[in-house]
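The chain contents come next:
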Amino acid sequence: MFKNYLKSTFRNLWKHRVFSFINLTGLAVGMSACFLIYLYVTFELSYDAFNTKADRIYRVVCDIKTPTEVLKFSVPSFAMPKNIASDFPEIQSFARATGDNFLVRRGNIKFQEDNAFWGDSTLFDVFDFKMIKGNPKTALKEPFSVVFSETAAKKYFGSENPIGQTLQIFGDGQAATVTGIIKDIPENSTIKGDVIVSMSTLTRKLAPNIEEQWGNFGAATYLLLKPGTDPKKLEAKFPAFLEKRDGTGMKQSKMFYSLFLEPLRSVYLYSTRDGSKTGNIGNVYIFSIIAVFILLIACINFINLTTARSAERAKEVGIRKVVGAEKSNLALQFIGESVMLCLIAFLLSTGICALLLPSFNMLAGKTISHGIFQNISYILILFFGAIGIGLLAGIYPALVLSSFKPVVVLKGRFVTGTRGIILRKGLVVAQFTISIALIIGTIIVYTQMKYMRSQDLGFTKDQIMVIDSQGDQQKNALRQEIASIPTVKSTAMSSSVPGGGRPTAYSEIENTKGELQIANLELYFVDFDYINQFKIKMAAGRSFSRDFMTDTTQSMILNEAAVKMFGYASPEQAVGKRFKQWGREGKIIGVMKDFHFEALQETIKPLSMRIEPNGCNLISINVSAANLPSTIAAVESKWKTLIPNRPFSYFFMDEFFDKQYRGEERFGKLFLNFAVLAIFISCLGLLGLASYSTMQRTKEIGIRKVIGSSTSGIVNLLSKDFLKLVLISFFIAAPVSWYFMHRWLQDFAYRTNISWWVFIIAGVSALLIALLTISVQAIRAAVANPVKSLRTE
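Here we come to the overall build of the chain. On a plain count of helices and strands, the chain comes out with 27 helices and 22 strands. Contacts spanning at least 24 positions in sequence make up 79% of the contacts within the chain whose residues lie at least 6 apart. Surface accessibility of the chain: about 36,300 Å² in total, with carbon and sulfur atoms responsible for 57%.

This is how it looks when you write it as structure tokens:
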């Protein structure tokens, strides 16, 4: 019996190959999109899951309450971890990690390692970073010890055994010893790096008092709790701990700390702490919903086309019932056909996914390996998913087809029921509601991206080339040499540039009451030329000037956001007020207009600027647009002459600043691609229904042609019902998509408004796409010879 059903299935698929092709294409494309999104979502949710003790690892984060604000830090102070570990027996171990960059040299081999960090000796107790060579217990115990990833080790040592070898990492010529090699840290790890330098180098040699400083924040700290420890109960003990350890210090500084624990598995997707959020759980939810919608559209296609062709298969059902077939057997056959079609689509989609995975990785900014297809668990999930889709999509058509009464069918009285027509129309409306909503969403995403790129940032980022001197002693000489290049318009030096990192400084600023008010201000160290170089405008007072030598030691400039925080009604009122910051005292000489030194997702924070030559390692170069390659070559030549031991690298400010929007760009591109797929699958279904509707009305079309109907009239006749459904879809999709996209925009501090023209473009686009799809079949029917049409019945 099964063999007969199988033969019948393939015979039916081949007989109606056009509809089978439409169904197969829709299902294969839908499954491919769904499977790719599934891989993306699974990858995002898998962050840090490779750590076997992940359920007991928590990151310590800190809130700092000052008289003016509450700052949310992703790191505690250097003094906190060891004291926490010693005071609470619930803690099994702890490990710190803080990112840095190093110039690593071994003979003539040298690389600037930006993907590096300081790590505690307990790092390998807490995290499952697999040690290939060396002892994980002692590898990072001693100062000037370094552990390389497998990839990094090959760069410097090739096939040699690196253990015990020395190389230069620190600028003073101090050698570091290689004590371990680890497997490359997985891509789905919160902590990443190719070079790990022992934390003891920092705490025992370079900054020996740093672990006694409660106000020095800098290293991410992870606690490994003992089995059975309740993190909430432990967290509740932290206020008493802080009061005991640093209560006096907090009262004196008027900065009060609060500590919290974040589960390791939540850090990547859920944490909103400063500088730590690299994933977006909202995007995971959005793409999961899109995957369901695309699959739903493909299933709707199958249901629509199968039930639409019910009249064709009615006689087959009638004959089978007359010769003894049970309703359950017929239902099983039709479900089997559906599952078989889905399994064929599954095989096609697996191949499509394998081919498209590199492009998808590039689009999503991920490194999902092809090895995923060698993982039997993933393949089984996709396989059973395909069977599930087949059952879901096939059960309703199977019940409809198997319920036909043989007496009615074999007498030729069978007509398609109105309920079936209403259902098909409802499903078409559902398809295009989803598609139009995705079109609207795509337009809004790209409108927001355009808005962010076109906003006045308050500074210039065009034609500015930046190089990092890494604090080399020749940085000032290099700057002078670069300034002598004819195509260089101007130069400036600073500790930071917009879009980059910067410290937050404990500051005291005179407020409207004449009191020194405590606050933490973002801090840029700059030179005399920085403000002019970036064309930052002054709101009051003056900029730094070489005419006032006290500017190097006793002057500060604030932005408008800082002035408002201290209660001043206008920038002019803040000029001349006192300040204290990191050992410096003096007066505020000017107030600069607010400029966006972070992406437009963030509000402009209070910012201070001071002259500090020793802290300025970045050289900003305003270059002429003409003959840019020769200018870069000239800068590189100066670099190699003065700083030959460091590799030359540079970036341009416009590209560097726009990197902050890379996540939104990827989101927009993925959204666009999946919206196009949804529309494509919807149009396939519409094409199938239009083809079937035209075929059923062949004789009617012929008669209309004979009595004088025009081609346009027949096209209109065949199109209007479908276009009405698209129009209904638009009126449903518009308010729903507005609601969800309005919520999405709330994540941006500076955002565009959702304009009426977005909905008009989406609606007109959907109508035109639907009309084009239907017209292909409608025009073919309208221009057909009516004589042939009238012979069809």
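There's plenty left to go through after this.
The residue Phe648 is located in the loop between helix 21 (628-642) and strand 22 (651-652) in this model. On the basis of relative accessible area, Phe648 is assigned to the buried category, the value being 18%. Taking the C-alpha atoms as reference, Phe648 lies 9.0 Å from Gln112; in sequence the two are 536 residues apart.

With that settled, consider the environment of Leu423. Along the chain, Leu423 falls in helix 15 (residues 418-454). Once the C-alpha coordinates of Leu423 and Ile303 are considered, the two residues, 120 residues apart in sequence, prove to be 9.6 Å apart.

With that out of the way, let us pick up a positive patch on the surface. The grouping of Lys659, Arg662, Arg666 and Lys669 at the surface amounts to a positive patch. The residue Lys659 is located in the loop between helix 22 (653-658) and helix 23 (662-696) in this model. Lys659 sits in the partly exposed class, given a relative accessible area of 46%.

Its 29 residues place the ends of helix 2 (residues 17-45) 40 Å apart at the C-alpha level, agreeing with the 42 Å of an ideal helix rising 1.5 Å per residue. The buried fraction of helix 2 amounts to 23 of the 29 residues, a majority that puts the element mostly inside the structure.

This part is about a nonpolar patch on the surface. Together, Trp756, Trp757, Ile760, Ile761, Val764, Leu768 and Leu771 give the surface a local cluster of nonpolar side chains, amounting to about 690 Å² of exposed area. Looking at where Ile761 falls in the secondary structure, it is placed in helix 26 (residues 756-782).

This paragraph deals with the packing of helix 3 (residues 80-87) against helix 8 (residues 238-253). Put simply, helix 3 and helix 8 touch, their axes get as near as 11 Å, and they point 115 degrees apart. Considering their axes alone, helix 3 and helix 8 lie roughly perpendicular with respect to each other. In this structure, helix 3 crosses over helix 8, and the sense of that crossing is right-handed. For the pair formed by helix 3 and helix 8, the contact residues are Met80, Asn83, Ile84, Ser86 and Asp87 on the first element and Phe238, Phe241, Leu242, Lys244 and Arg245 on the second.

Once that is clear, we can look at the environment of Arg578. Residue position: Arg578 is located in strand 18 (residues 578-581). What makes Arg578 partly exposed here is its relative accessible area of 36%. Considering only alpha carbons, one finds Arg578 and Ser555, 23 residues apart in sequence, at a separation of 9.3 Å. In this view, Arg578 contacts Glu508, Ile509, Glu510, Gly514, Leu516, Gly586, Lys587 and Ile588; residues no more than four positions away in its chain are not counted. From its side chain, Arg578 meets the backbone oxygen of Gly514 in a polar contact 2.9 Å long.

Structurally, Ser189 is set in the loop between strand 8 (175-182) and strand 9 (195-198). Accessibility expressed as a relative area gives 1% for Ser189, which makes it buried. From its side chain, Ser189 meets the backbone oxygen of Ile191 in a polar contact 2.6 Å long. Those residues in contact with Ser189 that sit more than four places away from it in its chain are Tyr47, Asp48, Phe50 and Phe129.

Let us now look at the packing of helix 16 (residues 475-483) against helix 21. To characterise two packed helices, one gives the angle between the axes of the helices and the distance between these axes. Interhelical geometry of helix 16 versus helix 21 gives an angle of 150 degrees and a closest axis separation of 10 Å. What the angle tells us is that helix 16 and helix 21 run roughly antiparallel. Crossing angle aside, the handedness with which helix 16 passes helix 21 is right-handed. Of the residues in helix 21, those in contact with Ala477, Leu478, Glu481 and Ile482 of helix 16 are Val635, Lys638, Trp639 and Leu642. Of the residues contributing to the contact of helix 16 with helix 21, the split by class is six nonpolar, no polar and two charged.

Moving on to the pairing of strand 19 (residues 584-592). Look at any regular strand and the pattern is simple: side chains alternate between the two faces of the sheet. Pairing analysis gives three bridges linking strand 16 (residues 538-541) to strand 19, with the strands arranged antiparallel. What sits directly across from Ala540, in strand 19, is Val591. Of the strand pairs in this sheet, strand 17 (residues 555-559) and strand 19 are connected by five bridges, and their pairing is parallel. Paired with Ser555 across the strands is Lys587, a residue of strand 19. Across four bridges, the pairing between strand 18 and strand 19 is antiparallel. Counterpart to Phe579 in the pairing with strand 19 is Gly586. In sequence, strand 18 turns back onto strand 19 through a hairpin of two residues, with Trp582 there showing a positive phi of about 50 degrees.

On to the pattern of salt bridges, then. Per the counting criterion, the structure on display carries 35 salt bridges. Among the ionic contacts, a cluster of salt bridges with common partners joins Arg59, Asp63, Lys72, Glu262 and Arg273.

Quick look at the packing of aromatic side chains now. As enumerated under the stated definition, the model contains 37 aromatic pairs in all. Arranged with centres 4.7 Å apart and planes meeting at 40 degrees, the rings of Tyr530 and Phe534 form a pair that is tilted. Across the pair, Phe534 and Tyr530 agree in class, each one buried. Geometrically, the ring pair formed by Trp639 and Phe648 is edge-to-face, given 5.9 Å between the ring centres and 65 degrees between the ring planes. Both residues of the pair, Trp639 and Phe648, count as buried. Each member of the aromatic cluster is reached from another via a ring pair, and the members are Tyr40, Phe287, Phe360, Phe667, Phe671, Phe674, Trp744 and Phe748. Over the ring of Phe111 we find Lys155; its NZ or CZ atom is 4.5 Å from the centre of that ring. The ring of Phe548 carries the charged tip of Arg542 above its face, separated from the ring centre by 3.8 Å.

Reading the values: rules and limits
Counting starts from 1 at the beginning of each chain's written sequence and moves along it residue by residue. Predicted model: local features are reported for residues with pLDDT of at least 70 only, side-chain atom pairs are reported and counted for 80 or more only, and whole-chain, interface and lining totals are derived from all residues. Think of the side-chain values as coming from all heavy atoms in the structure, minus any hydrogens and water. Helix and strand assignments come from DSSP, with helices taken as H or I runs of at least 4 residues and strands as E runs of at least 2, each series counted from the N terminus. Contact definition: two residues touch when any of their heavy atoms are within 4.5 Å. What sets the accessible areas is the Shrake-Rupley method with a 1.4 Å probe; for residues, cover comes only from the shown protein chains. In this scheme, a residue with accessible area under 20% of its type's maximum is buried, one over 50% is exposed, and one in between is partly exposed, where area comes from a 1.4 Å probe on protein chains only. Within the patch definition used here, like charges are joined within 9 Å and nonpolar side chains (Val, Leu, Ile, Met, Phe, Trp, Tyr) within 5 Å, considering only residues with over 30% relative accessible area and no salt bridge. Should a side-chain nitrogen of Lys or Arg be within 4 Å of a carboxyl oxygen of Asp or Glu, the pair is scored as a salt bridge. Two residue types count as positive, namely Lys and Arg, and two as negative, namely Asp and Glu; His and chain ends fall outside the count. To locate a charge, the coordinates of NZ of Lys, CZ of Arg, CG of Asp or CD of Glu are taken. In this analysis, the expected span of each helix is defined as 1.5 Å times one less than the number of residues it contains. Note on geometry: axes are lines fitted to C-alpha atoms, helical ones only across the stretch in contact, with angles between N-to-C directions running from 0 to 180 degrees. Orientation categories follow fixed angle ranges, with anything under 35 degrees roughly parallel, anything over 145 roughly antiparallel, 65 to 115 roughly perpendicular, and all other angles oblique. Helix crossings are classified by the rotation of the near helix relative to the far one: an anticlockwise turn of less than a right angle makes the crossing left-handed, while a clockwise turn makes it right-handed. Polar contact is the term for a pair of N or O atoms within 3.5 Å; when the atoms are in protein, one must be able to donate a hydrogen and the other to accept it, and sequence-neighboring residues count only if both atoms are side-chain atoms. All residues other than Ala, Val, Leu, Ile, Met, Phe, Trp, Tyr, Cys, Pro, Asp, Glu, Lys and Arg, Gly among them, are scored as polar; the first ten of these are nonpolar and the last four charged. We treat two strands as partners when DSSP finds at least two bridges between them. The aromatic pairing rule takes the rings of Phe, Tyr and Trp, using the six-membered ring of Trp, and pairs them if the centres are within 6.5 Å, calling planes under 30 degrees apart stacked, those over 60 edge-to-face and the rest tilted. Here, over-ring charges are defined by two tests on the NZ atom of lysine or the CZ atom of arginine: distance to the ring centre within 6 Å, and angle to the ring normal within 35 degrees.

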